[in-house]
Amino acid sequence: GTNSVALKATFTFPSVSAKWHTTYIINGDGKVEVRGEFLPGKTDLPKIPRIGMQMTLPRKLTEVTWFGPGPQETYVDRKDARIGIYSGAIKDQFHAGYSEPGETGNKVNVRWAAFHDRRGAGLLATGLPQLSVNALNYGTDDLNAAKHPHELPLRNFATVDLDLAQQGVGGDNSWGAWPHEERLIPCQPYSYRFQLEPLLRGELKRRAAPPTPR
């Protein structure tokens, strides 16, 4: 548009002959459209665990509110949940009951997600059309390195994933079965987009309010 600026960054992965393009379209009203594009140089590579982007937010944004299935964690093969508007502390999205730390707290088919302080100010991410979202007070490396939940260092930031997709959890036999084939992510080109915008105090309350009957 006439009041927008586009920035494009390209990341290369020489070992697998792949590229990732991220385009930021910054509009004059403060909204930023983010476009991600994955271009593999070959497709005979292993399945991809997740396709998306990750960022960190200051820990003062202690809450997450989302419009999608919930309130429990959901995955492409674990989403027997009612669609609605849910909210909770980011620190509570981690499920400490699992024997080993790992993937936890994800939310699929999210229309929008807000990461905010207790007054409702923060950042709003809107899927175009939907996102797979996660927010935890741990880094991804923390989850991969620790053997037990109590070993995880609580960080002074929130790690936020805004993904196109993540492979299924699997485990039909309860001890490690892979997800069904249709819940895996084959190595092929992908693209998706979402919008980021500042969330001012009071805006979230209006957005999360039930519609007025007509």
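Refer to the structure above for everything that follows.
Let me sum up the structure you'll find in this document. (Residues numbered from 1 in each chain as written. Predicted model: local features only at pLDDT ≥ 70, side-chain atom pairs only at ≥ 80, totals over all residues. Heavy atoms only, no water.)

### Quick look at the overall build of the protein
Counting its regular elements, the protein contains two helices and ten strands. Of the regular secondary structure in the protein, the N- to C-terminal order runs β-β-β-β-β-β-β-β-α-β-β-α. Since a compact globule built from 214 residues should have a radius of gyration of about 17 Å, the 18 Å found for the protein is in line with a globular shape. Taken over the C-alpha atoms alone, the protein extends approximately 45 × 45 × 40 Å along its principal axes. When the 214 residues of the protein are sorted by exposure, 41% land in the buried category. For the protein, contacts bridging at least 24 residues in sequence account for 63% of all contacts bridging at least 6. As presented, the protein carries roughly 12500 Å² of accessible surface, and 53% of it is formed by carbon and sulfur atoms. With 26 positive and 22 negative side-chain charges, the protein shows a separation of 7 Å between the mean positions of the two kinds. (Helix = DSSP H or I, 4+ residues; strand = E, 2+ residues; numbered from the N terminus. Rg over C-alpha atoms; globule rule 2.2 N^0.38 Å. Buried < 20%, exposed > 50% of the residue type's maximum accessible area, 1.4 Å probe, protein only. Contact = heavy atoms within 4.5 Å. Areas by Shrake-Rupley, 256 points an atom, 1.4 Å probe, with all protein chains shown as cover. Lys, Arg positive; Asp, Glu negative; His and termini not counted. Charge placed at Lys NZ, Arg CZ, Asp CG, Glu CD.)

### Structural notes on the nonpolar core
Grouped together as the largest cluster of nonpolar side chains are 31 residues, with contacts concentrated most on F38, F115, L162 and F194. Sorting the residues of this core by element identifies β2 (18-27), β3 (32-40), β4 (50-58), β5 (63-70), β7 (107-116), β8 (122-136), β9 (157-166) and β10 (190-199) as the ones contributing at least two each. The element that contributes the greatest number of residues to this core is β8, accounting for five residues. Leave out the neighbours within four places in its chain, and F38 touches A18, K19, W20, I48, I51, C187, Q188, P189 and Y190. If you look at the next biggest cluster of nonpolar residues, it comprises six residues, including F94, Y138, L143 and L152. (Core = buried A, V, L, I, M, F, W, Y, C linked by side-chain atoms within 4.5 Å.)

### Topic: the pattern of salt bridges
Working definition: two side chains of opposite charge can pair if their charged atoms are close together. Here the structure, examined in full by the defined rule, presents eight salt bridges. Here R193 makes a salt bridge to E33, at a shortest N to O gap of 3.1 Å. You can see R193 sitting in strand β10 and its partner E33 sitting in strand β3, a full 160 residues away along the chain. Relative accessible area serves as the criterion here: at 14%, E33 is assigned to the buried category. Linked through salt bridges whose partners overlap, the residues forming this network are R50, E103, D161 and D163. (Salt bridge = Lys/Arg side-chain N within 4 Å of Asp/Glu carboxyl O.)

### Let's talk about the pairing of β7
Looking down a regular strand, the side chains alternate between one sheet face and the other. Along β7, eight of the ten residues are buried, which leaves the element largely enclosed by surrounding structure. Relative to β7, β5 is paired through five bridges, and the arrangement is antiparallel. From the neighbouring strand, E63 faces β7, where its bridge partner is H116. Across seven bridges, β7 lies against β8 in antiparallel orientation. Residue H116 lies in a different strand from β8, and its bridge partner there is G122. (Pairing = 2+ DSSP bridges.)

### Here we look at the environment of I25
Considering the arrangement of structural elements, one finds I25 in strand β2. Taking relative accessible area as the criterion, I25 reaches 16% and is therefore assigned buried. Not counting the four nearest positions on each side in its chain, I25 is found in contact with S4, V5, A6, K31, V32, E33 and R35.

### Observations concerning the packing of aromatic side chains
One pass over the full model with this rule turns up five aromatic pairs. Plain terms: the ring middles of Y192 and F194 are 5.7 Å apart, the flat faces sit at 40° to each other, and that makes the pair tilted. Comparing Y192 with F194, the two get one shared label, buried. Across from the ring centre of W66, 4.2 Å away, lies the NZ or CZ of K107, which sits over that ring. (Phe/Tyr/Trp six-rings, centres within 6.5 Å; stacked < 30°, edge-to-face > 60°. Lys NZ or Arg CZ within 6 Å of the ring centre and 35° of its normal.)

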